[in-house]
Structure formats: structure tokens, C-alpha cells
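Spelled out from the first residue to the last, the chains are:
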Amino acid sequence: MVRKPLAVLVIDENRIRASIIEAGLREAGHEQVTVVHDVTGIARRIAEIEPDVIVIDLENPNRDMLENMFQLSRVVKRPIAMFVDRSDQASIEAAVDAGVSAYVVDGLRQERVKPILDMAVSRFNAFSRMSRELEEARNELENRKVIDRAKGILMKSRGLSEDAAYTLLRKTAMNQNRKISDIAQSLVTAADLLGPGES
């Protein structure tokens, strides 16, 4: 399987440091590298460039600059590798909370750019997969709750056993070519509309 080349955006106000990152990326075989030196309107620039990965270098970040970059990382939903010269525990925790995939303190060297970028992409993909799985599990749990509630309504209103109530929900779903959870939600909604006696 051939992987498409990554489009990498480098955000760095310091041109010398940006050239180190760019050289490391190009040496590693990344040809689609865009360097932006001015962070003004960076969200718009990211939307225009549509990079696969973002590398941010903050030579001496102040608290506001870090917070702005962390807010950006929450919005863009892409792997982000961030290089900083100095940091503290609060900044590291904020970076993790913001979804920064790699937060490297005092480690900007040309030969380290590729492995850090690879790690950022892998970590982002793993985190995205876990987030999807968590969302799917939450949805499944919510669907089960609705189905259980619908079974309870059928058991009470029709005098059915739990198995018979589930069988009726399943049969109705198959007949209407819908999901059981959709049928259950419709039943629960109707019961709520009819009054508290049914739910």
C-alpha cells in the first residue's frame, strides 16, 4: 500500500529555526512543506493550506501565545508537533489537554524532526481511534438504555415478558427496515407524549 505524501505546515516566527525544521522534513523525504512565519490569522491559513500535519515552534512562548496555540490545536483536529525551548508542568498538561500530539521541550534538532513528526502522527491516529471507539461505546450504551425503556413500556402496556417485548421491537424494526434503537426511541417518545403513566 502506497501512502500519500504528507502535507506539512510549519508555523514558526523565527526564520532560522523554521529552516532547521524544514531541512529536517525535506531530508526525511517530505516535499510538501509550507512555512508560515506570521501567526496572525493562522486559523484561516490552515484552512487554506489544509495540511495533514502541523509543526509549531515557539522559541520563547509566553502564556498567551501557548494558550492561543492550544486553542488552535483543539480546533484543527490534526496531528500537531510542538517544539518549545522552555516549559512548566502546567504548560505540558495544557498541551496534552489540547490534543497536541508531541510536545518537545528544548529538542529542536534537524535529525529529530522526522521521528518526532512520525510519533505525532501515530499518537494522533491512536487517540482519534480511541475517541471514535469511546463515542461508539457511548452511543451503544445510550441505545441499550432506550431499548430497555421501550421494553419496559411494552411489558407494562401489553403485559409482555421481556423477551416477548424485545422480539416485538426486533420484528417491528425488521418490518420497517429500521434499527431497533430507532423503533425504541419512537416508542419512548410516543409514550412520553401520551403521559407519565406509560413511561
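The coordinates are above.
Residues numbered from 1 in each chain as written. Predicted model: local features only at pLDDT ≥ 70, side-chain atom pairs only at ≥ 80, totals over all residues. Heavy atoms only, no water.

Caption draft 1: Looking closely at the environment of Leu-25. With respect to the helices and strands, Leu-25 occurs in helix H1 (residues 15–27). The sequence separation of Leu-25 and Leu-72 amounts to 47 residues, and the corresponding C-alpha distance is 22 Å. Once residues lying within four places of it in the same chain are set aside, the contact partners of Leu-25 are Val-8, Val-10, His-30, Val-33, Val-113 and Leu-117. (Helix = DSSP H or I, 4+ residues; strand = E, 2+ residues; numbered from the N terminus. Contact = heavy atoms within 4.5 Å.)

Caption draft 2: Main features of the nonpolar core. Among the nonpolar cores identified, the biggest contains 21 residues, and Ile-11, Ile-46, Ile-54, Ile-56, Phe-70, Met-82 and Tyr-103 are the most heavily contacted of them. At 5 residues, the largest contribution of residues to this core is made by helix H3 (residues 63–76). Beyond its immediate chain neighbours, meaning those up to four positions away, Phe-70 contacts Met-82, Ser-91, Ala-94, Ala-95, Ala-98, Val-100 and Tyr-103. Listed in part, the 17 residues of the second largest apolar core include Val-55, Phe-83, Val-104 and Ala-120. (Core = buried A, V, L, I, M, F, W, Y, C linked by side-chain atoms within 4.5 Å. Buried < 20%, exposed > 50% of the residue type's maximum accessible area, 1.4 Å probe, protein only.)

Caption draft 3: The sheet that holds strand S2 (residues 32–36), seen in detail. The sheet built from 5 strands is open, its strands ordered S2-S1-S3-S4-S5 with parallel pairing. Looking along the sheet, the strands with just one partner apiece sit at the ends: S2 and strand S5 (102–105). Averaged over all adjacent pairs, the angle separating strand axes in this sheet is 15°, with direction ignored. Across the sheet, H1 touches strand S1 (7–12), S2, strand S3 (53–58) and strand S4 (80–84), and the angle it forms with S1 is around 165°. (Pairing = 2+ DSSP bridges. Axes fitted to C-alpha atoms, helices over the stretch in contact; angles between N-to-C directions.)

Caption draft 4: Layout of the side chain of Ser-101. Relative to the helices and strands, Ser-101 is located in the loop between helix H4 (89–98) and S5. Aside from chain neighbours lying at most four places away, what touches Ser-101 is Pro-79, Ile-80, Met-119, Ala-120, Arg-123 and Phe-124.

Caption draft 5: Representation of a nonpolar patch on the surface. There is a patch of nonpolar side chains on the surface, built from Ile-92, Val-96 and Val-105 and spanning about 210 Å² of accessible area. Residue Val-96 is classed as partly exposed on the basis of its relative accessible area, which comes to 48%. (Patch = residues over 30% accessible without salt bridge, like charges linked within 9 Å, V, L, I, M, F, W, Y side chains within 5 Å. Areas by Shrake-Rupley, 256 points an atom, 1.4 Å probe, with all protein chains shown as cover. Salt bridge = Lys/Arg side-chain N within 4 Å of Asp/Glu carboxyl O.)

Caption draft 6: Inspection of the pattern of salt bridges at higher detail. According to the stated counting rule, one finds 10 salt bridges in the structure shown. Across the salt bridge formed by Asp-118 and Lys-114, the nearest N and O atoms sit 2.5 Å from each other. Of this pair, Asp-118 and Lys-114 both sit in helix H5 (residues 110–158), separated by 4 residues, roughly a single helical turn. For Asp-118, a relative accessible area of 32% translates into the label partly exposed. The partner of Arg-144 in a salt bridge is Glu-140, and the shortest N-O contact between them spans 3.3 Å. In this pair, Arg-144 and Glu-140 both sit in helix H5, 4 residues apart, roughly one turn of the helix. Here the salt bridges share partners, and the residues they tie into one network are Arg-44, Arg-45 and Glu-48.

This is a description of form; function is not addressed.
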